[in-house]
Amino acid sequence: MSSCRCNKAKVLKITNFAQDEEYTEAWSLVDENFVYRQGQWVTVDNFNEDRWCDSTTGIHFWMTREEAMAY
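Residues numbered from 1 in each chain as written. Predicted model: local features only at pLDDT ≥ 70, side-chain atom pairs only at ≥ 80, totals over all residues. Heavy atoms only, no water.

Re the overall build of the protein chain
Now for step 1: If you tally the helices and strands in the protein chain, you get one helix and eight strands.
Now for step 2: Going from N to C terminus, the protein chain has its helices and strands arranged as β-β-β-β-β-β-β-β-α.
Now for step 3: If one aligns the C-alpha atoms of the protein chain with their principal axes, the spans along those axes are about 35 × 25 × 20 Å.
Now for step 4: Per-residue burial over the protein chain gives 18% buried out of 71 residues.
Now for step 5: Long-range pairs, those at least 24 residues apart, make up 55% of the contacts in the protein chain between residues at least 6 apart in sequence.
Now for step 6: With an accessible surface of roughly 5900 Å², the protein chain has 49% of that area assigned to carbon and sulfur atoms.
Now for step 7: Across the protein chain, the centroid of the 7 positively charged side chains sits 7 Å from that of the 12 negatively charged ones. (Helix = DSSP H or I, 4+ residues; strand = E, 2+ residues; numbered from the N terminus. Buried < 20%, exposed > 50% of the residue type's maximum accessible area, 1.4 Å probe, protein only. Contact = heavy atoms within 4.5 Å. Areas by Shrake-Rupley, 256 points an atom, 1.4 Å probe, with all protein chains shown as cover. Lys, Arg positive; Asp, Glu negative; His and termini not counted. Charge placed at Lys NZ, Arg CZ, Asp CG, Glu CD.)

Listed below in structure tokens is the structure:
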């Protein structure tokens, strides 16, 4: 199970792992200047379009909550 990547995403909801607290914003663990804000679009300027590169620039996400939690 590997993550997917995109260059643009809309932040629908930000919660803690237990999903019992909701937040309006969160910061990337990789780039401290990259902020996710609920209800807003985030974009990556230097997106690597090579789909075979797993650990590279882009917004990383998983198709299911279970996959994300396992990561």
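Some remarks on the pattern of salt bridges
Now for step 1: Considering all chains together, one arrives at one salt bridge under this definition.
Now for step 2: Of the charged contacts in the structure, one is a salt bridge between Glu25 and Arg37, with a shortest N-O distance of 3.1 Å. Remark: Arg37 occurs in strand β6 (residues 35-37) and Glu25 occurs in strand β5 (residues 25-27); sequence separation between them is twelve residues. (Salt bridge = Lys/Arg side-chain N within 4 Å of Asp/Glu carboxyl O.)

Looking at unusual backbone geometry
With glycine set apart, most residues show a phi of negative sign, and most peptide bonds adopt trans.
Now for step 1: The phi angle at Gln19 is positive, at roughly 60°, despite the residue not being glycine.
Now for step 2: Checked against the element boundaries, Gln19 lands in the loop between β3 (14-15) and β4 (22-23).
Now for step 3: Taking relative accessible area as the criterion, Gln19 reaches 48% and is therefore assigned partly exposed.

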